[in-house]
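Each chain, letter by letter, is given below.
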Amino acid sequence: MSRVRAVAVAATAGSVAFVAWDANDRKGGVGVTRAVTATATAALIAADYKLRLAGMEKNSPAFLAARHEVHERSAARLLRLCERNGGLYTKAGQFISTASGMPAPYQRHLSKLQDSARPLEWSDVREMVAAELSPRAVEHLVNFGGNDVGVTNAANPDEAAAIAVKRSAGSRMDEQSDGVSGSTSFSEFDREPIAAASLAQVHRAVTSAGEEVAVKVQRPGLRRQFDVDLATMRFITKAVCVAFPTFDFSFLVPEFRDRLARELDFTWEGRSCERTGKALADDARMVTPKIHWSLTTGRVLTMEYVRGVKVDDGPGLRAAGIDPAAAASALADTFARMLACHGFVHGDPHPGNMLIRRQPGDGSVGGNDLGSAVMSPAEPNVLGGRRRWWPFGSCRGELTGKVQIVLLDHGLYTELDEAERRRMCRLWHAVAMRDPAKVRAVSEEMGVPKSLQWILPQLMARQTSNVKPMGGGETGNADAPGGDPAAANPRSAEAAHARVDGLVRGGRPPLSMDQVSEFGRALPREMMIVMRANALIRNITRKLAIDVDAHERADGEGTGGRGLLGLSLGGFMGGDVGRRMDRRRQWAMARYSCLGISLPSALAECGRPKGGLAALPTGITVKWKLRTARVWAKIWLFRSMQYGVMIAIRTLPEGLSEPVVRSFTEMLERKRGGLPAA
């Protein structure tokens, strides 16, 4: 064999071996295979859009139907890519799934990434913990030379580890300070994770001081993959922009890079956890876990182990004696206050990052304490009681409204300086007051083009409803075939709601991808995270509303989602559960924005029971209440007008109802100045 041939064979064999290692390495290799796979998938998606839609008239029925098909295929391909590559790709897919304006197929397919991630091998977990905390932290549990200590004759590694854990439990106690032990080792460490996410997974453990903790372990190799994966994403976004000039999402990559750099630093996350807990210490409805700093590093985070119910698990909350509507209300208040009053907000409040439990000492349900509040969702709820109606919702007599949110993950926050915080408050206040001049003024300060200034109020204040909009099929999506407004009874409750909704929203169609791209490039970076958090809170509220509505119907207490004449009073009293609960979410943001405007500067950490809102000066409190009252009056006036128009549509002959509708339309056009008044 010639020397050239030998070199070629060796190079080929080496390349194949490298690709095989890079593709199958549990720690992600160096990212070449992931980069090739991502680039090939992006090229296939781009070609599908180009070839399938070529020659079609834009926005024609055939174009919309074909585009919907390509959306479905492309979203499925992107999901497979994120699942295959994992890590940063999974995180990017999660971000896309909650981005406002993304086509429904992408949101639906990629939302599966929120709760699914491939767990790490146990050997990788113990190696990471030993490397970060020193072998001493777990040396009495596992011999990192290979065999489990004292159990070399065990039938299998799992059994050996279990025996080692039992023998070492309670082996030694360390000094304690400030209520959290100074332990530097574990006496128990569960092999199976209780949660696995894109960047890390969580294991239950017990410290040598006997405290039950949750240990968050970062996936190995992420920092090595970071630069390669980001370079790949940068290349793909630029290539897509060349193929589709109006489809420029390159602005996402630097934002993604900066946020991920912080998320990969667990010490920063621990400090954020403590900061949030101190800032909201005066509100019993929200707490954060205690951090065990002696067992925390940049890649391992140890915190208090908390039991509770997943925030969007309506049946589970009800089985625990917790009112789902109260949980949604507490969630809305928490995030509204963080944004408007403290100038920072959690950017990733998806259901996996929060638990709900009853407040300590709450004996309103059968005298149970906090610990016994968490029951299996399968347990029958034998408690009885009548429903109590409140302006923004209802709670059943057997369910407690004294809920407590435990915010678990603190890796993604956005910070607002004082000017940004006040600008955000002014924007929310202007939307609540339906003041188009102020909305436009603040939007211009943010750099939003005039042609797209209608998007901000629509994204911020759009409502959830059980009503199926007219046009665009079941979801109101223009991409979804099958919508037929003419098939609806124009005098039905659904038609009346849909017509008034259309008038209020200004008849705006769903955002196109071109508009999403232009809007995203113009929007300040901090607003992207705020909008993401707003969308996630809205989605949780929607899911809980569906559960509450189904439960009321099953108990025979529902009204088919409607009140008098099949209508609801603007979502305030009774009627549509979805509107009622989402109006409460919107009201939280309006109310705390009124306070945010009144504050001379952001609230600092209170850290004491009588701090926070209870310690506000009288002058600020009075200004807050007056502004809130004005917003309340404006909302009630507008909703009452909506209700009157819907009643006219339902009850009056067409010759009499149409003048009412025209007057309402003219008033909207005059008042909103081209902006939606939702």
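Preceding this section is the structure that the text describes.
Predicted model, so just to flag it, every value in this text is computed and none were measured.

Calculation notes
Residues numbered from 1 in each chain as written. Predicted model: local features only at pLDDT ≥ 70, side-chain atom pairs only at ≥ 80, totals over all residues. Heavy atoms only, no water. Helix = DSSP H or I, 4+ residues; strand = E, 2+ residues; numbered from the N terminus. Buried < 20%, exposed > 50% of the residue type's maximum accessible area, 1.4 Å probe, protein only. Contact = heavy atoms within 4.5 Å. Areas by Shrake-Rupley, 256 points an atom, 1.4 Å probe, with all protein chains shown as cover. Core = buried A, V, L, I, M, F, W, Y, C linked by side-chain atoms within 4.5 Å. Pairing = 2+ DSSP bridges. Axes fitted to C-alpha atoms, helices over the stretch in contact; angles between N-to-C directions. Expected span 1.5 Å × (residues − 1).

**Quick notes on the overall build of the chain**
Next up, step 1: Helix and strand counts for the chain come out as 21 helices and 15 strands.
Next up, step 2: Of all 678 residues assigned to the chain, the portion counted as buried reaches 53%.
Next up, step 3: Counted over contacts in the chain with a minimum sequence separation of 6, partners at least 24 positions apart contribute 72%.
Next up, step 4: Accessible surface for the chain amounts to roughly 29200 Å². Of this, 57% is attributable to carbon and sulfur atoms.

**So, the nonpolar core**
Next up, step 1: Judged by nonpolar contacts, the single largest core of 116 residues is most densely connected at Leu456 and Leu595.
Next up, step 2: When residues in this core are grouped by element, the largest group, 13 residues, is from helix H12 (residues 324-342).
Next up, step 3: The contact partners of Leu595, leaving out residues within four places of it in the chain, are Cys341, Leu613, Leu616, Ile620 and Trp624.
Next up, step 4: If you look at the next biggest cluster of nonpolar residues, it comprises 17 residues, including Val125, Val138, Ala205 and Val217.

**Remarks on the sheet that holds strand S14 (residues 403-407)**
Next up, step 1: The four strands are arranged S7-S14-S11-S9 in an open sheet whose pairing can be described as mixed. Strands with a single pairing partner mark the edges of an open sheet, and in this sheet they are strand S7 (286-287) and strand S9 (309-310).
Next up, step 2: Of the strand pairs in this sheet, S7 and S14 are connected by two bridges, and their pairing is parallel. Each residue of the ladder has a partner; that of Met286, found in S14, is Ile405.
Next up, step 3: On the sheet, H12 packs against S7, strand S11 (354-358) and S14 and is oriented at approximately 50 degrees with respect to S14.

**A closer look at helix H10 (residues 266-279)**
Each full turn of the α-helix corresponds to 3.6 residues, which orients residues three or four apart in the same direction.
Next up, step 1: In a regular helix each residue adds 1.5 Å, so 14 residues correspond to 20 Å; H10 covers 20 Å between its end C-alpha atoms and thus fits that length.
Next up, step 2: All of the buried residues in H10 are Phe266, Trp268, Glu269, Gly270, Ser272, Cys273, Thr276, Gly277 and Ala279.

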